[in-house]
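Here's the letter readout for the chains.
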Amino acid sequence: MNYAQVHPKKSLGQNFLKDENIARKIIASLNLKPGDCVLEIGSGTGILTKYLVQSATKVVGVEIDKNLVAQLLSQYSSATNFLLYQNDILKVSFKEILPGEQRWKAVANLPYHITSPVLFKLIEQRHFFESATLMVQQEVAQRMVAKPSTKAYGILSVFSQCYAETQILFDVSRHVFFPKPEVTSAVVRLEFNKPGLLNEYDEPVFRQVVRGTFNQRRKMLRNSLLAIPDLDLDLDKINFDLKQRPEQLSVSDFVELTKQIVRQISNLSYN
Ligand code: SAH
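This write-up is about the structure you can find in this document. (Residues numbered from 1 in each chain as written. Predicted model: local features only at pLDDT ≥ 70, side-chain atom pairs only at ≥ 80, totals over all residues. Heavy atoms only, no water.)

### Observations regarding the site of the ligand
Heads up, the condition is: Any residue with at least one heavy atom within 4 Å of a molecule or strand is counted as near it. Under the rule applied, a polar contact is a pair of N or O atoms within 3.5 Å (in protein, one hydrogen donor and one hydrogen acceptor; residues adjacent in sequence only if both atoms are side-chain atoms). Working definition of accessibility: Shrake-Rupley area with a 1.4 Å probe, residue cover restricted to the visible protein chains. Elements are defined by DSSP. Helices are runs of H or I of four residues or more, strands are runs of E of two residues or more, and each kind is numbered from the N terminus. In this count, Pro and Cys sit with the nonpolar residues alongside Ala, Val, Leu, Ile, Met, Phe, Trp and Tyr, while Asp, Glu, Lys and Arg are called charged and the others, Gly among them, polar.
Lining the immediate environment of the ligand, one finds 21 residues, of which Gln 14, Gly 42, Glu 63, Asp 88 and Asn 109 sit closest. Take Glu 63: an N or O atom from its side chain is 2.6 Å from an oxygen atom of the ligand. Measuring from an oxygen atom of the ligand, one finds a side-chain N or O atom of Asn 109 at 2.8 Å. If the ligand stood free it would expose 570 Å²; the protein chains cover 98% of that surface. The set of elements that each furnish at least two residues to the shell around the ligand consists of strand S1 (16-17) and strand S3 (58-63). Residues of the shell around the ligand, tallied by class, amount to 10 nonpolar, eight polar and three charged.

Shown next as structure tokens:
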């Protein structure tokens, strides 16, 4: 790709990777085996696409930028294992674009402005995926792997660690992008192989509890829980130390608290 001909759009979070070594390092980390299928989010100028098409059995790309889609389609018109959708990753239906029974490997150099919503979508629909390998801002990567009682620990940490084994693979200098972003990046890997800690009834409550308490991070659980709309709780009946603040709770503490709350809600609706 001749970068002189590319006019990056800031509004689409376009910071194209231009270093082939980093691209190869990301691809190598995927450890692609025959039969592996890959979803690439934001194919862009195609620096990762090129290697994916060579080594994966199927590649599905989703790219929002019409011009880039047109370029990639003409470049890969003869590739039989590559499908590219011009669409917004936050709007696509994985059920429609990722056919078959197998679980896909997601990979992306994510547009930074939509990192969290994409991450939450992947986590929520993790049954489509074996893993997600994502380039994100280093600071976001650190939040994803942060431990309780640290400043970086929050909603992203709890969700990333509850549903996946999450690790930072390596940091990436801002100098390998065009245009250069303001900050250092990092590649993180989420492996969705964790046994589920929550059932389908617990899940929505878990999300409400984690979001609701961290949105009032400085408050004790006792107060932040009461402020969550729709959760009309009798806190005295909950067997949990509610004087704590959310950042003190491990992922399994949040799971335990959720289960207690669900028990109370379902008791109420039966009485
Ligand atoms: N993978 C490429 C591009 C990374 S830049 C590389 O490494 O060079 C991020 C890419 O995501 C851009 O191509 C941008 O157009 C695309 N993008 C931005 N918002 C998107 C969205 N909502 N859905 C799909 N793609 C998006």
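### Digging into the environment of Val 158
Cut-off, in case you're wondering: Each residue is assigned to one of three classes by its accessible area relative to the maximum for its type, calculated with a 1.4 Å probe on protein chains only: buried under 20%, partly exposed between the two thresholds, exposed over 50%.
Within the secondary structure layout, Val 158 lies in helix H7 (residues 155-163). Among the residues examined, Val 158 registers a relative accessible area of 0% and is labelled buried. Sequence separation of Val 158 and Ser 131 is 27 residues, and the distance between their C-alpha atoms is 17 Å.

### Examining the packing of H7 against helix H8 (residues 202-214)
What counts is decided by this rule: Throughout, an axis means a line fitted to C-alpha atoms (over the contacting stretch in the case of helices), and angles, computed between N-to-C directions, take values from 0 to 180 degrees. Angular relationships are summarised with four words: roughly parallel below 35 degrees, roughly antiparallel beyond 145, roughly perpendicular across 65 to 115, and oblique for the angles in between. A clockwise turn of the near helix away from the far one marks a right-handed crossing, whereas an anticlockwise turn of less than a right angle marks a left-handed crossing. A contact between two residues is defined here by any heavy atoms of the two lying within 4.5 Å.
Direction vectors running N to C along H7 and H8 enclose 150°, while the axes themselves pass 9 Å from each other. By the angle between their axes, H7 is roughly antiparallel relative to H8. Crossing of H7 against H8: the hand is right-handed. Along its contact with H7, which presents Ile 155, Val 158, Phe 159, Cys 162 and Tyr 163, the element H8 presents Glu 203, Phe 206, Arg 207, Val 210, Arg 211 and Phe 214. Taken together, the residues of the contact of H7 with H8 break down into eight nonpolar, no polar and three charged.

### Quick look at the environment of Gln 71
With respect to the helices and strands, the residue Gln 71 is situated in helix H3 (residues 66-75). Placed 166 residues apart in sequence, Gln 71 and Lys 237 show a C-alpha to C-alpha distance of 61 Å.

### Quick notes on the side chain of Glu 203
With respect to the helices, strands and loops of the structure, Glu 203 is situated in helix H8. Look at Glu 203 and you get buried, because its relative accessible area is 13%. If near-sequence neighbours (up to four positions away) are discounted, Glu 203 is found in contact with Arg 126, Tyr 163 and Leu 198.

### Topic: the nonpolar core
Rule in force here: For the purposes of this section, nonpolar cores are sets of buried Ala, Val, Leu, Ile, Met, Phe, Trp, Tyr and Cys residues that join through side-chain atoms within 4.5 Å. What fixes the domain bounds is an automatic or database domain assignment.
Phe 94, Phe 129, Leu 134, Leu 190, Phe 206 and Leu 257 are the most contacted members of the largest nonpolar core, which totals 63 residues. Composition of this core by domain shows at least three residues from each of domain 1 (3-191) and domain 2 (202-270). Leave out the neighbours within four places in its chain, and Leu 134 touches Ala 108, Leu 110, Leu 119, Leu 122, Ala 186, Val 187, Val 188 and Leu 190.

### A look at the packing of aromatic side chains
Note the threshold: We call Phe, Tyr and Trp rings a pair once their centres come within 6.5 Å, taking the six-membered ring for Trp, and we label the pair stacked below 30 degrees between planes, edge-to-face above 60, and tilted otherwise. Remark: a charge is flagged as sitting over a ring if the NZ atom of Lys or the CZ atom of Arg is within 6 Å of the ring centre and within 35 degrees of the ring normal.
Per the stated rule, a full pass over the model turns up 10 aromatic pairs. Between Phe 94 and Phe 129, the aromatic rings sit 5.1 Å apart at their centres with planes inclined by 90°, giving edge-to-face as the arrangement. Of this pair, Phe 94 sits in helix H4 (residues 94-97) while Phe 129 sits in strand S6 (residues 129-137); the two residues are 35 residues apart in sequence, bridging distant segments of the chain. Each of the two residues, Phe 94 as well as Phe 129, counts as buried. The rings of Phe 120, Phe 159, Tyr 163 and Phe 206 are connected pair by pair, giving a single aromatic cluster. Cation over ring: Lys 25 sits above Phe 170, and NZ or CZ is 4.2 Å from the ring centre. Across the ring face of Phe 120, the terminal group of Arg 211 is positioned such that the distance to the ring centre comes to 4.6 Å.

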